[in-house]
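# Working through the structure, step by step
So you can see what is in the structure, the chains are spelled out below.
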Amino acid sequence: MYTKIMVPVDLGHVDRLEKALKTAADMANLYDVPLCYVGVSSSVPSNIAHGSAEFTSMMTAFGQEQAQKYSLSNVTAAAYICPDPTVDLDDVLIKAAVENNADLIVMASHVPGLADHIFASNAGYVASYSKISVLVVR
């Protein structure tokens, strides 16, 4: 059905992603397809990583942890560095899906609030503008 699944990951909020991570892992195992975890960060130090090399290393470790946790056989992790992830996140995720040959994005979202009626959520934007299927997990 699918040939590769991509999962956007915010390493600062992994605890909020559990449902989406499990859904993606279950689908990857069910369809026996590769799964790619994608993280987006800035090159400047943050509360997650001191720089792009450390962030890349953390994404790789995260992918390996998920592979063990969910018995996944074909997992990759990709780190994308951009000037301002707050502004560029949505477009970087869509670009990452294309570059990683994903045909499904499994993405966590939150319960919509008042601000979501004014500004689109990241998952809403990706689902609206991506040319591939997007499964938003709340």
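Residues numbered from 1 in each chain as written. Predicted model: local features only at pLDDT ≥ 70, side-chain atom pairs only at ≥ 80, totals over all residues. Heavy atoms only, no water.

### Let's talk about the packing of aromatic side chains
Basically, it comes down to this: Two rings belonging to Phe, Tyr or Trp (six-membered ring only in the last case) form a pair when the distance between their centres is within 6.5 Å. Interplanar angles under 30 degrees mark stacking, angles over 60 mark edge-to-face geometry, and anything in between is tilted. Numbering of helices and strands runs from the N terminus; a helix is a DSSP stretch of H or I covering at least four residues, while a strand is a stretch of E covering at least two. Relative accessible area decides the class of each residue, using a 1.4 Å probe on protein chains only: under 20% of the type maximum gives buried, over 50% gives exposed, and in between gives partly exposed.
As enumerated under the stated definition, the model contains three aromatic pairs in all. Between Tyr 2 and Tyr 31, the ring centres sit 6.0 Å apart and the planes meet at 80°, which makes this aromatic pair edge-to-face. Of this pair, Tyr 2 sits in the segment before strand 1 (5-9) while Tyr 31 sits in helix 1 (residues 18-31); the two residues are 29 residues apart in sequence, bridging distant segments of the chain. The class of Tyr 31 is partly exposed, set by a relative accessible area of 31%. Both rings, one in Tyr 37 and one in Phe 62, keep their centres 5.4 Å apart while their planes meet at 85°; by these two values the pair is edge-to-face. Note that Tyr 37 is positioned in strand 2 (residues 35-41) and Phe 62 in helix 2 (residues 52-70), a separation of 25 residues in sequence. Given the relative accessible area of 0%, Tyr 37 is considered buried. A relative accessible area of 5% means that Phe 62 is categorised as buried.

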